[in-house]
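Coordinate inspection notes
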Amino acid sequence: MNWKLEGDEKITPEQRRMLNCLCGDLSDQINWHGHRLSKDDWRWMLTGTTLGLRMVPGIQTGNGSTGFIFLGRSSKDLSKSQASDTITMAIQIGDHPDEQGLDCKPVKWCDTALIGMGFNPRDFE
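These notes cover the structure that comes with them. In this convention, every chain numbers its residues from 1, walking through the sequence in written order. This being a predicted model, a pLDDT of at least 70 is required before a residue's local features are given, and a value of 80 or more before pairs of side-chain atoms are given or counted; all residues contribute to the totals for chains, interfaces and linings. Based on all heavy atoms of the structure, the side-chain values leave hydrogens and waters out of the count.

**Quick notes on the overall build of the protein**
Where helices and strands are cited, they refer to DSSP runs of H or I of at least four residues and of E of at least two residues respectively, numbered from the N terminus. Helix and strand content of the protein: four helices and four strands. For the protein, the N- to C-terminal ordering of α and β elements is α-β-β-α-β-β-α-α. By principal-axis analysis of the C-alpha atoms, the protein measures approximately 55 × 35 × 20 Å. Calculation of accessible area relied on Shrake-Rupley with a 1.4 Å probe; when residues are assessed, cover is drawn exclusively from the protein chains displayed. When the accessible surface of the protein is totalled, it reaches about 7,800 Å², and 50% of it is carbon and sulfur. The averaged location of the 17 negative side-chain charges in the protein is 6 Å from the averaged location of its 14 positive side-chain charges. Counted as positive: Lys and Arg. Counted as negative: Asp and Glu, with His and the chain ends omitted from the count. A charged residue contributes its charge at one atom only: NZ of Lys, CZ of Arg, CG of Asp or CD of Glu.

Spelled out as structure tokens, the structure:
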């Protein structure tokens, strides 16, 4: 799976599959500062970090203070280069969660992720 690409063209299907696979593994194995994030949450957080999130006051619904919400963009908005950076960031977080102040073990990547990283999954058995 070729996800290490450069260019301003849109994220490729291969990059999208790799990012989704990594986000699934992160979701299953990483507790983000006391919060269990879904696969989609991880993808939005990683993409938002790459593309830049904006924080705005939440909508008043009559139930009291809503605090703030973050506005981001879809991973479909990533360029090939940005997708490569985002995938690398996901791998770095999974391999070294302590660098993010997380008290958990490194992620045990699924076979699809390992193949995408260029490894033979049997080497990790």
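**Brief notes about the pattern of salt bridges**
Oppositely charged side chains are able to pair whenever their charged atoms sit close together. Think of a salt bridge as a Lys or Arg side-chain nitrogen and an Asp or Glu carboxyl oxygen that are within 4 Å of each other. Going through the model one piece at a time under the given rule, you end up with four salt bridges. A salt bridge links Asp40 to Arg43; the nearest nitrogen and oxygen atoms lie 2.8 Å apart. With Asp40 and Arg43 both in helix α2 (residues 39-51) and three residues apart, the pair spans about one turn of that helix.

**A few points about helix α1 (residues 13-29)**
An ideal rise of 1.5 Å per residue puts 24 Å on 17 residues; α1 measures up with 25 Å between its terminal C-alpha atoms. When checking whether two residues touch, look at their non-hydrogen atoms; a contact exists if any pair is within 4.5 Å. Those residues of α1 that are buried are in contact with β2 (35-36), α2, α3 (80-95) and α4 (111-116). By definition here, a helix of n residues has an expected span of 1.5 Å times n minus one.

**Some words on the environment of His33**
Mapped onto the secondary structure, His33 falls in the loop between β1 (31-32) and β2. Only protein chains enter the area calculation, which uses a 1.4 Å probe; residues under 20% of their type maximum are buried, those over 50% are exposed, and those in between are partly exposed. For His33, a relative accessible area of 44% translates into the label partly exposed. Measuring from C-alpha to C-alpha, the distance between His33 and Gly101 comes to 7.9 Å, with 68 residues separating the pair along the chain. Ignoring any residue separated from it by four or fewer positions in sequence, one finds His33 in contact with Gln100, Gly101 and Leu102. Between N or O atoms, a polar contact is any pair within 3.5 Å; within protein, one atom must be a potential hydrogen donor and the other a potential acceptor, and residues adjacent in sequence are included only when both atoms are from side chains. A polar contact is formed between the side chain of His33 and the backbone oxygen of Gln100, at a distance of 3.1 Å.

**Section: the nonpolar core**
Membership of the largest hydrophobic core comes to 26 residues, with the highest contact counts inside it found for Leu22, Leu26, Trp42, Leu46 and Trp109. Contributing elements (two or more residues each) for this core: α1, α2, α3 and α4. When residues of this core are assigned to their parent elements, the largest contribution, six residues, is made by α1. When residues no more than four places from it in sequence are discounted, the contact partners of Trp109 are Leu22, Asp25, Leu26, Ala90, Ile91, Gly94, Asp95, Leu114 and Met117. Joining through side-chain atoms within 4.5 Å is the link that ties buried Ala, Val, Leu, Ile, Met, Phe, Trp, Tyr and Cys residues into a set, and such a set is a nonpolar core.

**Some details on the packing of α1 against α3**
An axis is simply a line fitted to the C-alpha atoms; with a helix, the fit covers only the stretch in contact. Between two such axes, the angle follows the N-to-C directions and lies from 0 to 180 degrees. Their axes nearest at 10 Å, the elements α1 and α3 cross at an angle of 20 degrees. With respect to α3, the element α1 is oriented roughly parallel. Where α1 crosses over α3, the handedness of that crossing is left-handed. Facing α1, whose interface residues are Gln15, Met18, Leu19, Leu22 and Leu26, α3 presents Lys80, Ala83, Ser84, Thr86, Ile87, Ala90, Ile91, Ile93 and Gly94. Partitioning the contact of α1 with α3 into residue classes produces nine nonpolar, four polar and one charged. Here the word oblique covers every angle except those under 35 degrees (roughly parallel), over 145 (roughly antiparallel) and from 65 to 115 (roughly perpendicular). Note on convention: near helix rotated counterclockwise from far helix by under a right angle means a left-handed crossing. Clockwise means right-handed. Residue polarity is assigned by list, with Asp, Glu, Lys and Arg as charged and Ala, Val, Leu, Ile, Met, Phe, Trp, Tyr, Cys and Pro as nonpolar; anything else, Gly included, falls into the polar class.

**Focus on a nonpolar patch on the surface**
By definition, no residue in a patch forms a salt bridge, and every one has over 30% relative accessible area; like charges are joined within 9 Å, nonpolar side chains (Val, Leu, Ile, Met, Phe, Trp, Tyr) within 5 Å. On the surface, Leu53, Met55, Phe68 and Phe70 cluster together into a nonpolar patch covering about 450 Å² of accessible area. With respect to the helices and strands, the residue Phe70 is situated in strand β4 (residues 68-71). Accessibility expressed as a relative area gives 54% for Phe70, which makes it exposed.

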